[in-house]
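Analysis of the macromolecular model
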Amino acid sequence: FEDKCFTDVVDQFSPGDLLVINNTKVFPARLFGITETGSAVEIFLVRPLQDGQWEALAKPGRRLSIGKRVDFSDKLSCSVSEKHANGTITIQFDEEENLEALIDSIGKTPLPPYIHRERDEPDIDRERYQTVYASKRGAIAAPTAGLHFTPEVLDQLKQKGIQVAEITLHVGYGTFEPVRAERLSEHRVQPERYEIDEAAAATLAKARSEGRRIIAVGTTTTRTLETVIERFGEFRVSSGEADLTILPGYRFRAIDGLLTNFHLPKSSLLLLVSTFAGHELIMKAYEHAIAERYRFYSYGDCMLIV
């Protein structure tokens, strides 16, 4: 183990290495509304479906029955069209035109439950809870390993001859859903939307064919790259849903290194990292991080595994 400041990360790479980042952008997915009976309710948007429909979570969910309406503002409202056994609901927005702009204007930034913000305080996380390269709107959580990068660090990496490729995975609820299965083999991470464009596919394929190191920034980037290799056997232009669940025994074929934050117990993220580096090594690394008073989770510190 070596303890360093993040700005020293440039020294850990060599010319020709390929750093892969996730350029998804968090949108304000928390909406606060009033039902037709006057009850306050929070709607957490999980993922878009079609024609103004969304999968969502509601708090408190007991206040929402099928057909019930919720008003968020004089311009935005919805009705509940379905309730599901897993606790999610399907809502139908009344407005389909300019829906993204309406959501952005009144929504609040979604944050992990261990970060507490008062509803009426300024939404300081709208800018802070984004990577500096976030550009593709669609995530309900930030790919937090990327929060450490500044434009200056990225420039230093490029000046040293390290390539940087951007892919997209819109981080969804599945990434942070705790592992509840008694047997790990029964745990499944919900699919998340991804995209690898022509430029990224060509850069990745060339690096792989030349045997150069591919370093993933974050577990979301890792899941995307491994999904594509598992599905096609190569890096190629593609989009769809990343549905790979990485569990002990999985053989990594896409990445050679991983930059990642320190994750919650009983999470699929910790499983992925432990599978990549080995359970025993990761547990020792976490013990070291605790002893050295590292900060954990979304706004915390990170580790580079090579």
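In case you missed it, the structure is sitting above this.
Notes on the structure follow. (Residues numbered from 1 in each chain as written. Predicted model: local features only at pLDDT ≥ 70, side-chain atom pairs only at ≥ 80, totals over all residues. Heavy atoms only, no water.)

A look at the overall build of the protein
A count of helices and strands for the protein gives eight helices and 15 strands. Its C-alpha atoms give the protein a radius of gyration of 20 Å, within 12% of the compact-globule value 19 Å for 306 residues. Dimensions of the protein, computed from the C-alpha atoms along their principal axes, are close to 60 × 45 × 40 Å. The 306 residues of the protein split such that 50% are buried. (Helix = DSSP H or I, 4+ residues; strand = E, 2+ residues; numbered from the N terminus. Rg over C-alpha atoms; globule rule 2.2 N^0.38 Å. Buried < 20%, exposed > 50% of the residue type's maximum accessible area, 1.4 Å probe, protein only.)

Re the packing of aromatic side chains
Applying the stated rule across the entire model yields twelve aromatic pairs. Ring geometry for Phe 6 against Phe 149: centres 5.0 Å apart, planes inclined by 90°, an arrangement best described as edge-to-face. Of this pair, Phe 6 sits in the segment before strand S1 (18-22) while Phe 149 sits in the loop between strand S9 (136-139) and helix H3 (151-159), and the two are 143 residues apart along the sequence. Residue Phe 6 shares its accessibility class with Phe 149, and that shared class is buried. Aromatic pair Tyr 286 and Phe 296: ring centres 5.5 Å apart, planes at 90°, arrangement edge-to-face. Separated by ten residues along the polypeptide, Tyr 286 in helix H8 (residues 279-291) and Phe 296 in the loop between H8 and strand S15 (302-305) bring together distant segments of the chain. Taking relative accessible area as the criterion, Tyr 286 reaches 8% and is therefore assigned buried. The exposure class of Phe 296 is partly exposed, given its relative accessible area of 23%. Three or more aromatic residues joined by ring pairs form one cluster here, namely Tyr 114, Phe 262, Tyr 286, Tyr 294, Phe 296 and Tyr 297. The ring of Tyr 299 carries the charged tip of Arg 128 above its face, separated from the ring centre by 5.7 Å. (Phe/Tyr/Trp six-rings, centres within 6.5 Å; stacked < 30°, edge-to-face > 60°. Lys NZ or Arg CZ within 6 Å of the ring centre and 35° of its normal.)

Some points on the side chain of Ser 77
Structurally, the position occupied by Ser 77 is in strand S7 (residues 77-83). With a relative accessible area of 5%, Ser 77 lands in the buried category. Among the polar contacts listed, one links the side chain of Ser 77 to the side chain of Arg 69, at a separation of 3.1 Å. Among the polar contacts made by the side chain of Ser 77, one reaches the side chain of Asp 94 at a distance of 2.7 Å. The residues touching Ser 77, leaving out its near neighbours within four places in the chain, are Arg 69, Val 70, Asp 71, Phe 72, Gln 92, Phe 93, Asp 94 and Glu 95. (Polar contact = N/O pair within 3.5 Å; in protein donor to acceptor, adjacent residues only side chain to side chain. Contact = heavy atoms within 4.5 Å.)

Observations regarding the environment of Glu 166
Within the secondary structure, Glu 166 sits in strand S10 (residues 163-169). The spacing of Glu 166 and Thr 24 is 142 residues in sequence and 9.4 Å in space, taken between C-alpha atoms. Contacts of Glu 166, omitting those with residues within four sequence positions, involve Ile 21, Asn 23, Tyr 133, Ser 135 and Ala 200.

Looking at the pattern of salt bridges
This model, assessed by the stated rule, comprises 18 salt bridges. For Glu 280, the salt bridge identified is with Lys 284, shortest N-O distance 3.4 Å. With a gap of four residues between them, Glu 280 and Lys 284 both fall in helix H8, about one helical turn apart. On the accessibility criterion, Lys 284 (45% relative accessible area) is partly exposed. Look at the salt bridges and you will find they share partners, linking Arg 30, Glu 42 and Lys 59 into a network. (Salt bridge = Lys/Arg side-chain N within 4 Å of Asp/Glu carboxyl O.)

Some details on the nonpolar core
One finds Ile 196, Leu 204, Ile 214, Leu 225, Phe 235, Ile 255 and Leu 258 to be the most contacted residues of the largest nonpolar core, which totals 44 residues. Those residues in contact with Phe 235 that sit more than four places away from it in its chain are Ala 201, Leu 204, Ala 205, Arg 208, Ile 214, Leu 225, Val 228, Ile 229 and Ala 254. Ranked by size, the runner-up nonpolar core spans 23 residues in total, among them Phe 27, Ala 29, Ala 56 and Ile 89. (Core = buried A, V, L, I, M, F, W, Y, C linked by side-chain atoms within 4.5 Å.)

Regarding the pairing of strand S5 (residues 53-59)
Pairing analysis gives six bridges linking strand S4 (residues 40-48) to S5, with the strands arranged antiparallel. Each bridged residue has a counterpart across the sheet, and for Glu 42 the counterpart in S5 is Lys 59. Hairpin connection from S4 to S5: four residues lie between these consecutive antiparallel strands, with Asp 51 at a positive phi of about 50°. Across four bridges, the pairing between S5 and strand S8 (residues 89-93) is antiparallel. Across the sheet, residue Trp 54 finds its bridge partner in S8, namely Ile 91. (Pairing = 2+ DSSP bridges.)

What about the sheet that holds strand S13 (residues 238-242)?
Pairing is mixed in the open sheet, where seven strands are placed in the order S13-S11-S10-S1-S12-S14-S15. Each edge of the open sheet carries a strand with a single partner, namely S13 and S15. Strand after strand, the sheet turns through a mean of 20° between neighbouring axes, direction not considered. For strand S12 (residues 214-217) and strand S14 (residues 257-261), the ladder comprises three bridges, and the chain directions are parallel. Bridging from a neighbouring strand, Val 217 pairs with Leu 259 of S14. Across the sheet, helix H7 (residues 268-277) is in contact with S14 and S15; its angle to S14 comes to roughly 150°. (Axes fitted to C-alpha atoms, helices over the stretch in contact; angles between N-to-C directions.)

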